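So the chains spell out like this:
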Amino acid sequence: MNNEIKISIPTSWEDIKLKDFQRYYKIEEPTSNDMLEVFLGLNSNHIRTLEAGSVNELIQSVSSVLSLPTEHLKLIHRVDNYGLIPNMDKMSYGEYLDLTEWLKDWDNMNMAMEVLYREVIEEKTNKKGLNQYLIEKYDTDKVDGIRGGEMTMDVVFSVVFFFQILTEQLLIHTPNYIKREMETKEWGQQQDLTENGEDTNRLLLLLQETLDESKKLHNFQFINA
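The rules we used
Residues numbered from 1 in each chain as written. Predicted model: local features only at pLDDT ≥ 70, side-chain atom pairs only at ≥ 80, totals over all residues. Heavy atoms only, no water. Helix = DSSP H or I, 4+ residues; strand = E, 2+ residues; numbered from the N terminus. Contact = heavy atoms within 4.5 Å. Areas by Shrake-Rupley, 256 points an atom, 1.4 Å probe, with all protein chains shown as cover. Core = buried A, V, L, I, M, F, W, Y, C linked by side-chain atoms within 4.5 Å. Buried < 20%, exposed > 50% of the residue type's maximum accessible area, 1.4 Å probe, protein only. Salt bridge = Lys/Arg side-chain N within 4 Å of Asp/Glu carboxyl O. Phe/Tyr/Trp six-rings, centres within 6.5 Å; stacked < 30°, edge-to-face > 60°. Lys NZ or Arg CZ within 6 Å of the ring centre and 35° of its normal. Axes fitted to C-alpha atoms, helices over the stretch in contact; angles between N-to-C directions. Parallel < 35°, antiparallel > 145°, perpendicular 65-115°, else oblique. Left-handed = near helix turned anticlockwise from the far one by under 90°. Polar contact = N/O pair within 3.5 Å; in protein donor to acceptor, adjacent residues only side chain to side chain.

Caption draft 1: The arrangement of the overall build of the protein chain in detail. Helix and strand content of the protein chain: nine helices and four strands. Counted from the first residue to the last, the protein chain has its helices and strands arranged as α-α-α-α-β-β-α-α-β-β-α-α-α. Sequence separation of 24 or more characterises 72% of the internal contacts of the protein chain that already satisfy a separation of 6 or more. Of the roughly 14,000 Å² that the protein chain leaves accessible, carbon and sulfur atoms contribute 48%.

Structure follows, in structure tokens:
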């Protein structure tokens, strides 16, 4: 009888799936066994059959990956046949609202990833020789989180920090823009702009919550040995 156990050990964020990271993130006080079960697919019985030295090596290997920096990961535009929203400035209001809602909570990050990365339906090369693509139109009813959960953490972290920068810029510039617009509009137009401004301010509050939540990630304790 062959009792050999094959273990695939992650060496980078590229080897960690979002669904596994979410599962581990939800554990309030994760142990070494939790880490090995989630990221290596081992159960408690498997772990008990391994040599103590081997278990310690596995713990160190996975811990080293979970300790890798995330803020300098290069933004990934294509994942298989799915592409990142080409122009964030032209997102629909529905896309933006869903993103700001789902990015607030790691439990919903798989949903957010399906908003950000959608199927590429057309590709072309522009006059400057740069590759461009068009993604499918956003449909919130198609978002179920399954595909998003299969994405790897290098993709997730890179786009989270990109979106964080985008949020910071919006938080800085949008209030000033609204103020300038109100100063240049006639009184009758200011009333409509004020109402729109209230909607914008509510959106900005959501974005600030998103930003604060993403910053907490730096202080997350991955394992309590």
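Caption draft 2: Looking closely at the nonpolar core. Core analysis: the largest hydrophobic core is formed by 50 residues, its most contacted members being Met109, Met113, Leu116, Tyr117 and Met153. Residue assignment for this core shows that the elements contributing at least two residues are helix H1 (18-25), helix H2 (32-40), helix H4 (52-66), helix H5 (93-102), helix H6 (109-116), strand S3 (117-125), strand S4 (131-135) and helix H8 (153-184). The dominant element in this core, judged by the number of residues it contributes, is H8, at nine residues. When sequence neighbours within four positions are dropped, the list of residues in contact with leucine 116 reads Gly83, Leu84, Ile85, Met88, Leu99 and Val159.

Caption draft 3: Structural view of the pattern of salt bridges. For the structure on display, the rule yields five salt bridges. A salt bridge links lysine 17 to glutamate 150; the shortest N-O distance between them is 2.7 Å. Residue lysine 17 is found in the segment before H1, and its partner glutamate 150 is found in the loop between helix H7 (146-149) and H8; the two are separated by 133 residues along the sequence. Through salt bridges that share partners, Lys17, Lys19 and Glu150 make up one connected network.

Caption draft 4: Examining the packing of aromatic side chains more closely. Scanning the model with the defined rule gives eight aromatic pairs in all. The interplanar angle of 75 degrees and the centroid separation of 6.3 Å between the aromatic rings of tryptophan 13 and phenylalanine 21 together place this pair among those described as edge-to-face. The class for phenylalanine 21 is buried, based on a relative accessible area of 0%. Among the aromatic residues, those joined into a ring-pair cluster are Trp13, Phe21, Tyr25, Trp106 and Phe157. Above the ring of tyrosine 82, the side-chain terminus of arginine 147 is found at 4.0 Å from the ring centroid.

Caption draft 5: Focus on the environment of isoleucine 146. Inspection of the secondary structure assignment puts isoleucine 146 in helix H7. C-alpha separation for the pair isoleucine 146 and glutamate 114, spaced 32 residues apart in sequence, amounts to 8.8 Å.

Caption draft 6: Expanded view of unusual backbone geometry. Here aspartate 80, not a glycine, exhibits a phi torsion of approximately 55 degrees, which is positive. Counting through the fold element by element, aspartate 80 comes out in the loop between strand S1 (78-79) and strand S2 (82-84).

Caption draft 7: Summary view of the packing of H5 against H6. Put simply, H5 and H6 touch, their axes get as near as 8 Å, and they point 155 degrees apart. With respect to H6, the axis of H5 lies roughly antiparallel. Both H5 and H6 take part in a crossing whose hand is left-handed. Every residue of H6 that contacts H5 at Glu95, Asp98, Leu99 and Trp102 is listed here: Met109, Met111, Ala112, Val115 and Leu116.

Caption draft 8: Local environment of the side chain of lysine 104. With respect to the secondary-structure elements, lysine 104 resides in the loop between H5 and H6. A polar side-chain atom of lysine 104 sits 3.1 Å from a polar atom in the side chain of glutamate 101.

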